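Coordinate inspection notes
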Amino acid sequence: MSLCCQAGGWGRAELKLYEFQAKRVFAQGGISVPQGEVVQDPEDAARVAERLGRVVVKAQVHVGGRGKAGGIKLANTPAEARQYAAGMLGRPLKGFTVNYALVEEAQNIAAEYYLGITIDRNADKAIAMLSSMGGVDIEEVAATQPEKIAKLHIDPAWGPWDFQLRDLVARAALDPRVSREIAAVIRKLYNVFLTSDASLAEINPLIVTADGKVVAADGKFDVDDNALFRQKELLKYREVSEADPIEAEAAKLGVAYVRLDGNIGVIGNGAGLVMTTLDILSRNCGKAANFCDLGGGAKAETVRQDLGLVLMNPNVRGVLFNIFGGIVRCDEVAKGIIDATGTMDIKVPIVIRMSGTKAAEGRELLKGTNLIPAATAQEAAQKIIELVKGWGG
Ligand code: GDP
Ligand code: MN
């Protein structure tokens, strides 16, 4: 989910669906979605526009905020649809190559709402969130006007009761003419969320059209990887999901590397420590772009390789090393990092937390370099988050 520091998680292994796939799942669950087709060729975009009339051409990538980045374009004619699709397909958008464009009948939007369902791990329940302030800036709404987002915890045994849904809709203060319809959409979304083992189902915006219809105009849907053995229907979506070239490279090198969707690169020694680092970042409202496990390695070569992988992701605006000296000594790791970074052209800030064996010696070695030492993980997280902000991230 895109609401920072809310329920939900950072980097559990998930199958993320593209918008066009999410909308197929929604449609199967009985939720209205605009008519449209996914295309890979600008000529096909023109053909779809020929059939549907005024269309919106939408770049399919696994990140939000496409509208602001030029990934959503209204086309009045087939020629315009062709031109916009040609401008997106095969090109990068927010760090991802666009392989698919969704061409949909344009909607006349009267209102844009937000609807999301995720797991609140603190409550051990699914939580539905509904807001009258949907559209592109829901994160800002969550930060500045959290009271504008109405929430409902859903009992896992009973599911949502009708009166609870009606109450949720009332609290969100939506257009009363669509209250019933919205409550029905929430129930349908919860049903697909539940039956698909989803970790996130989000519709932003859930629109009301000028003629009063409630339509899912965007869709995000993440499925828990651990459930894929029983979600065979959804597995087919994995094949067309974009293969990450960095993950492919890491696999070749035998390095444990995972891509996430934030802007901080995380490197640590040991899987548990890396996981904890992600939690600490998340608790401070920071988001990891990816992470890499150094394993027991301290050598400059290992650091160079892992740092190289982490920096290949263009979203990385800063790197956080979290090193615990156990068998491996912190001063050795410090030497490795200094050695490696000395030979690399690195433009982003690097914060290094060291604790354990020879930590003080390790931090001493960092003095006089551009590397920024930190004694605790909390301090390190705060430092890198601050620096990344200054970096325009
Ligand atoms: P996102 O920016 O990646 O979240 O992409 P969305 O699919 O949510 O689209 C962003 C914004 O574009 C929406 O909030 C709408 O305001 C606008 N938009 C999307 N589809 C249409 C459409 O069919 N008609 C109109 N008028 N606006 C649209
Ligand atoms: Mn959206």
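Residues numbered from 1 in each chain as written. Chains lettered and ligands numbered in written order. Predicted model: local features only at pLDDT ≥ 70, side-chain atom pairs only at ≥ 80, totals over all residues. Heavy atoms only, no water.

1. Quick word on the overall build of the protein
In terms of regular secondary structure, the protein is built from 13 helices and 19 strands. Taken against the 2.2 N^0.38 rule, which gives 21 Å for 393 residues, the C-alpha radius of gyration of the protein at 23 Å falls within 12% of a compact globule. Here the protein, with 393 residues, has 48% of them falling under the buried criterion. Sequence-distant contacts in the protein: of pairs separated by 6 or more residues, those separated by 24 or more amount to 69%. On the protein, roughly 18000 Å² of surface is accessible, and the fraction owed to carbon and sulfur atoms is 51%. For the protein, the separation between the mean place of its 46 positive charges and that of its 48 negative charges on side chains is 2 Å. (Helix = DSSP H or I, 4+ residues; strand = E, 2+ residues; numbered from the N terminus. Rg over C-alpha atoms; globule rule 2.2 N^0.38 Å. Buried < 20%, exposed > 50% of the residue type's maximum accessible area, 1.4 Å probe, protein only. Contact = heavy atoms within 4.5 Å. Areas by Shrake-Rupley, 256 points an atom, 1.4 Å probe, with all protein chains shown as cover. Lys, Arg positive; Asp, Glu negative; His and termini not counted. Charge placed at Lys NZ, Arg CZ, Asp CG, Glu CD.)

2. Let's talk about the nonpolar core
As a rule of thumb, soluble globular proteins bury nonpolar side chains together. The biggest cluster of nonpolar side chains holds 42 residues, and the ones touching the most others in it are Leu130, Ile182, Ile186, Leu189, Ile203 and Phe221. Per element, the largest residue contribution to this core is eight residues, and it comes from helix H6 (residues 179–195). For Ile186, the residues in contact, after removing those within four places along its chain, are Leu115, Ile117, Ala128, Leu130, Leu165, Leu168 and Val169. Counting residues in each nonpolar core, the second largest holds 30 residues, with Cys292, Leu294, Phe321 and Ile350 among its members. (Core = buried A, V, L, I, M, F, W, Y, C linked by side-chain atoms within 4.5 Å.)

3. Quick notes on the site of ligand 1
Around ligand 1, the structure places 18 residues, and the nearest of them are Lys58, Arg66, Gly67, Gln107 and Glu112. Gly67 has a polar backbone atom sitting 2.9 Å from an oxygen atom of ligand 1. A distance of 3.1 Å separates an oxygen atom of ligand 1 from a polar backbone atom of Asn204. Taking 560 Å² as the accessible area of ligand 1 by itself, protein coverage stands at 83%. Elements that contribute at least two residues to the shell around ligand 1 include exactly strand E3 (55–59), strand E4 (72–75), strand E8 (109–120) and strand E11 (198–209). Taken together, the residues of the shell around ligand 1 sort by class into eight nonpolar, six polar and four charged. Composition of the shell around ligand 1 by domain shows at least three residues from each of domain 1 (4–32 + 108–235) and domain 2 (36–105). (Near = heavy atom within 4 Å. Polar contact = N/O pair within 3.5 Å; in protein donor to acceptor, adjacent residues only side chain to side chain. Nonpolar A, V, L, I, M, F, W, Y, C, P; charged D, E, K, R; others polar. Domains from an automatic or database assignment.)

4. Topic: the coordination of the manganese ion (ligand 2)
Within the protein, the manganese ion (ligand 2) binds to Asn204 (O) and Asp218 (OD); these donor distances fall in the range 2.1 to 2.2 Å. Note that Asn204 is positioned in strand E11 and Asp218 in the loop between strand E12 (214–216) and strand E13 (220–224), a separation of 14 residues in sequence. When sorted by exposure, Asn204 lands in the same class as Asp218, which is buried. (Donors = N, O, S within 2.8 Å, 3.2 Å for Na, K, Ca; no water.)

5. Description of the pairing of strand E15 (residues 264–268)
Counting buried positions along E15 yields five of five residues, so the element is predominantly enclosed. In E15, alternate side chains face the same way, and those of Ile264, Val266 and Gly268 on one face and Gly265 and Ile267 on the other are all buried. Two elements, E15 and strand E16 (residues 288–293), share five bridges in a ladder whose sense is parallel. Each residue of the ladder has a partner; that of Val266, found in E16, is Phe291. (Pairing = 2+ DSSP bridges.)

6. Re the confidence of the model for the protein
Summary statistics for the protein give a mean pLDDT of 91 and a share of 94% for residues scoring 70 or more. Ignoring residues within four places in sequence, the model shows residues 1–12, a span with pLDDT below 50, making 37 contacts including any to other chains. (pLDDT = per-residue confidence, 0-100.)

7. A look at the sheet that holds strand E14 (residues 256–259)
With mixed pairing, the six strands of this open sheet are ordered in space as E14-E16-E15-E17-E18-E19. Two strands close off the open sheet at either side, each with one partner strand: E14 and strand E19 (372–374). Between one strand axis and the next, the sheet turns by 20° as a mean value, whatever way the strands run. Against the sheet, helix H11 (residues 330–342) contacts strand E17 (318–325) and strand E18 (350–356), and its axis sits at roughly 165° relative to E18. Taken strand by strand, helix H13 (residues 377–390) contacts E15, E17, E18 and E19, and its axis lies near 170° from that of E17. (Axes fitted to C-alpha atoms, helices over the stretch in contact; angles between N-to-C directions.)

8. Brief notes about unusual backbone geometry
The step from Asn204 to Pro205 runs through a cis peptide bond, and the omega angle for that step is 10°. Relative to the helices and strands, Pro205 resides in strand E11. One non-glycine residue, Lys358, adopts positive backbone phi at about 60°. If you trace the backbone, Lys358 turns up in the loop between E18 and helix H12 (359–366).

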